[in-house]
Amino acid sequence: MEIEQIIEVKNLTKKFKDFTAVNNITFNVKHGEVFAFLGPNGAGKTTTIKMLTTLLHPTSGYIRINGKDPVSQQNDVRNSFGICFQDQSLDDELTARENMDLHGVLYGIPRATRRTRIEQLLKLLELWERRNDQVKKYSGGMKRRLEIGRALLHHPKVLFLDEPTQGLDPQTRNHIWTYIKDLNKEEGVTVFFTTHYMEEADRNATLMAVIDNGKIVAQGTAEELKAKTGKTLLEDAFIDLTGHGIRDEEAGAADHMRMRGRLWRRR
Amino acid sequence: MVIYILWLRQIKRYLRSKARIVGSLGQPILFLVALGYGFGPVFAKAGGGNYIQFLAPGIIAMGILFTSVFSGIEIIWDKQFGFLKETLVAPVSRFEIMIGRTLGGATVALMQGVLIFIISLFIGLHVPAFHLVLLALLFGLLIALLFTALGTAIASILDDMQGFQLIINFLVMPLFFLSGALFPLNGAPSVLTDIAKFNPLSYGIDGIRTTLSGQVSNFGLSTDLIVLTVIVIIFLALGSYLFSKIQI
């Protein structure tokens, strides 16, 4: 039995001590969609994704991923999705194969199945030749491909991608999106992604929602959003919906460490 | 299986950075040679005996101490940019993740301690009762577990590497210097011995020193073992609890 609404969010709210990050949002994602979740910095995107992926408890509201509640059915939900974070979560000192194997063990995949699937995925990702190389020797694009592939090892229903192609060149971006769309079509994996590249959302998403200041300001297809704002480019429609002002955020601990990481990295 | 593979991961990470292994042996070797040979004559003249015999266990413990704390602290970085995130979304209990990591980190710290031990043998350490080396290993393991768990506990609440500097200077260094690692507690001013009594490392060092160097124990071997074991259990519980509360 295939659930139709693979992601259901109703009246979802998250309040922190002094402010409301997510304010009563409601949206659904159908099985098989490629869904873009757009919004300026600090809009509440990351907080929402964290609640969907069991990393944060909502203050109030209703979430169902593949029919399960992330709060009360945590492990069921975790088995239903795979996630590729914005910042790398691979282990640099291990090889590609070891990274995949670790993931397989964490998700309880038995050894024989693990071995077959890892080989399948690595060949599909065109990383099989380099499977015994340490990930620190990989280029940015290869690392990203590996992370996406790894997220799919346990055959999840939903794939969450947080800025999947940030910092990659056009060829790699194109390659990755072709791969994602193939998976979406062949395996029926629902894709939920965030991005700041509007043409990427325009070109690849079948449905999208724009969040700003914790509220959803628009939902629909790219065409519908463009029609609503009377713009031809999605980027213009987006700016129209969210305003021209720059959202300055205070640098948090993560930003400091990210900067330090860049300093120390050789590439 | 999860615990095993996380443990194995820590070992692999350690063995794969040969440069880091060699580099981290630099300080212990320096201490052993500079202090050991430097203070040797003075120590002997004061009636303390062979300083290398006295110092080496302290330096072995130093290696274990710092390696343990570092591996726990690694979590601060890992939380944001590393593998830890992947484990936090997986259908695995936080407890298993913490135990796998802590056991792995402690094993690595112990391996480091063994390396320093071997080097000490070349510098002049003489082990009178080799069958006690196994007991020394146990003490080493307890120290390693204790401080890896402590590092994990601290790293679970810190979000920035800045706090890490504070921890090293105001917690780890005092723990090391006021533990009888470098000077005998027997006969030291009561201020220092009183502080040392509350320092778990003092008991660990006492244990290693008695089993490896054949010196007379300051607190008694069984006291050392009991105190260490109890504190290890407390810190493991603390580390586990704080780790389970991590929010990324």
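What you see is a predicted model; the values in this text were computed from it and never measured.

Rules of the game
Residues numbered from 1 in each chain as written. Chains lettered and ligands numbered in written order. Predicted model: local features only at pLDDT ≥ 70, side-chain atom pairs only at ≥ 80, totals over all residues. Contact = placed C-beta atoms within 7 Å. Helix = DSSP H or I, 4+ residues; strand = E, 2+ residues; numbered from the N terminus. Nonpolar A, V, L, I, M, F, W, Y, C, P; charged D, E, K, R; others polar. Pairing = 2+ DSSP bridges. pLDDT = per-residue confidence, 0-100. Buried ≥ 20, exposed ≤ 12 C-beta atoms within 10 Å, placed from the backbone. Axes fitted to C-alpha atoms, helices over the stretch in contact; angles between N-to-C directions. Parallel < 35°, antiparallel > 145°, perpendicular 65-115°, else oblique. Left-handed = near helix turned anticlockwise from the far one by under 90°. Core = buried A, V, L, I, M, F, W, Y, C linked by C-beta atoms within 7 Å.

### Quick notes on the interface of chain B and chain A
Opposite the 26 residues of chain B that make contact, chain A presents 26 residues. When residues in the side of chain B that touches chain A are grouped by element, the largest group, 6 residues, is from helix α1 (residues 2-16) of chain B. Split by residue class, the side of chain B that touches chain A holds 13 nonpolar, 5 polar and 8 charged.

### With respect to the pairing of strand β9 (residues 215-220) of chain A
The two faces of the sheet receive side chains in turn, since in a regular strand these alternate between them. Both strand β8 (residues 207-212) of chain A and β9(A) contribute to a ladder of 5 bridges, which runs antiparallel. Bridge pairing in β9(A) places A:Met208 opposite A:Gly220.

### Focus: the confidence of the model for chain B
Predicted confidence across chain B gives a mean pLDDT of 91, with 100% of residues reaching 70 or more. In the model output, the complex is listed with pTM 0.87 alongside ipTM 0.86.

### Remarks on unusual backbone geometry
All names here are of chain A. Phi at Glu 126 is positive, roughly 60°, even though this residue is not glycine. Summarising the element assignment, Glu 126 is placed in the loop between α4 (111-124) and α5 (140-151). Note on Glu 126: 12 C-beta atoms within 10 Å, which makes it exposed. Look at His 155: it is not a glycine, yet its phi comes out positive at around 50°. Here His 155 shows up in the loop between α5 and β6 (158-162). For His 155, a count of 14 C-beta atoms within 10 Å translates into the label partly exposed.

### Topic: the environment of A:Asp133
Residue and element names in this part refer to chain A. With respect to the helices and strands, the residue Asp 133 is situated in the loop between α4 and α5. When the C-alpha positions of Asp 133 and Glu 98 are compared, they lie 9.7 Å apart, and in sequence the two are 35 residues distant. When residues no more than four places from it in sequence are discounted, the contact partners of Asp 133 are Thr 95 and Ala 96.

### Here we look at the packing of helix α3 (residues 51-81) of chain B against helix α6 (residues 133-157) of chain B
Residue and element names in this part refer to chain B. Following both chains from N to C, one finds α3 and α6 inclined at 30°, their axes separated by 7 Å at the closest point. Viewed along their axes, α3 and α6 adopt a mutual orientation that is roughly parallel. Remark: the crossing between α3 and α6 carries right-handed chirality. The residues of α6 that touch α3, namely those facing Ala 61, Ile 64, Leu 65, Ser 68, Val 69, Ser 71, Gly 72, Ile 73, Ile 75 and Ile 76, are Gly 140, Ile 143, Ala 144, Phe 147, Thr 148, Leu 150, Gly 151, Thr 152, Ile 154, Ala 155 and Ser 156. Partitioned by chemical class, the residues of the contact of α3 with α6 number 13 nonpolar, 8 polar and no charged.

### Things to note about the packing of helix α3 (residues 96-106) of chain A against α1(B)
Interaxial distance between α3(A) and α1(B) falls to 9 Å at its minimum, and their mutual angle equals 155°. With respect to each other, α3(A) and α1(B) are oriented roughly antiparallel. Two packed elements cross with a definite hand, and for α3(A) against α1(B) that hand is left-handed. Residues A:Leu102, A:Val105 and A:Leu106 of α3(A) pack against B:Val2, B:Ile5 and B:Arg9 of α1(B).

### Let's talk about the nonpolar core
Counting 132 residues, the largest nonpolar core has A:Met208, B:Ala61, B:Leu65, B:Ile143 and B:Leu146 as the members making the most contacts within it. At 16 residues, the largest contribution of residues to this core is made by α3(B). Once residues lying within four places of it in the same chain are set aside, the contact partners of B:Leu146 are B:Pro200, B:Leu228, B:Ile231, B:Val232 and B:Phe235.

### Overview of the sheet that holds strand β4 (residues 60-65) of chain A
Backbone hydrogen bonds are what pair the strands of a sheet, in a parallel or an antiparallel way. Residues and elements named next belong to chain A. The 3 strands are arranged β2-β1-β4 in an open sheet whose pairing can be described as antiparallel. The sheet is open, and its two borders are formed by β2 (20-30) and β4, each paired with just one other strand. On average, each strand axis in the sheet is inclined to that of its neighbour by 15°, with strand direction left out of account. Two strands pair when backbone bridges link them, and strand β1 (residues 5-15) and β4 are joined in this way by 5 bridges, in the antiparallel orientation. Bridged to Ile 7 within β4 is Ile 65.

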